[in-house]
Amino acid sequence: MSLPAYLGDEVSAVGYRLAGLNVFVPAPGQEAEALASARRTAPLVLVSAATAAALPAELLRAALVALAPVTVLVPDVHERVPLPDSTARLRRELGVEA
């Protein structure tokens, strides 16, 4: 049975590792390779917001919309990069005003 994976900073990776996930702490510039490796082996991939910001937009979009493995953005422990506001995006796309 393969384990879920986490891509992100080393501080958060410690917690995710203790929870039983495989962790990837990519060096700057190696984020795309780490994402590809995690997606090959894990049924669920958690990507920190900071790591997601370093990925090419199309690569990240493709991972997020793929049915398998499920890829989800999670907050960065240092909160340097905020998560996208998916509620506002959905309202904008549906034409619904707040």
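Above this note sits the structure.
First things first, this report covers the structure right here in the doc. (Residues numbered from 1 in each chain as written. Predicted model: local features only at pLDDT ≥ 70, side-chain atom pairs only at ≥ 80, totals over all residues. Heavy atoms only, no water.)

## Considerations on the pairing of strand β3 (residues 44–48)
Here's step 1: Among the five residues in β3, four count as buried, and that is most of the element.
Here's step 2: In this sheet, β3 lies alongside strand β1 (residues 5–7) in parallel orientation, the contact comprising three bridges. Among the inter-strand pairings, Ala-5 is bridged to a residue of β3, identified as Val-45.
Here's step 3: Pairing of β3 with strand β4 (residues 70–74) involves five bridges; the strand directions are parallel. Considered in β4, the bridge of Val-45 is made with Thr-71. (Buried < 20%, exposed > 50% of the residue type's maximum accessible area, 1.4 Å probe, protein only. Helix = DSSP H or I, 4+ residues; strand = E, 2+ residues; numbered from the N terminus. Pairing = 2+ DSSP bridges.)

## What to know about the sheet that holds strand β2 (residues 22–24)
Here's step 1: Read from one edge of the open sheet, four strands run β2-β1-β3-β4, paired in parallel fashion. Unpaired on one side and paired on the other, β2 and β4 mark the two borders of the sheet. The sheet shows a mean angle of 20° between the axes of neighbouring strands, taken without regard to direction.
Here's step 2: Set on the sheet, helix α2 (residues 31–41) makes contact with β1, β2, β3 and β4; between it and β1 the angle comes to about 175°. (Axes fitted to C-alpha atoms, helices over the stretch in contact; angles between N-to-C directions. Contact = heavy atoms within 4.5 Å.)

Note that all results are geometric; they support no functional claim without further evidence.
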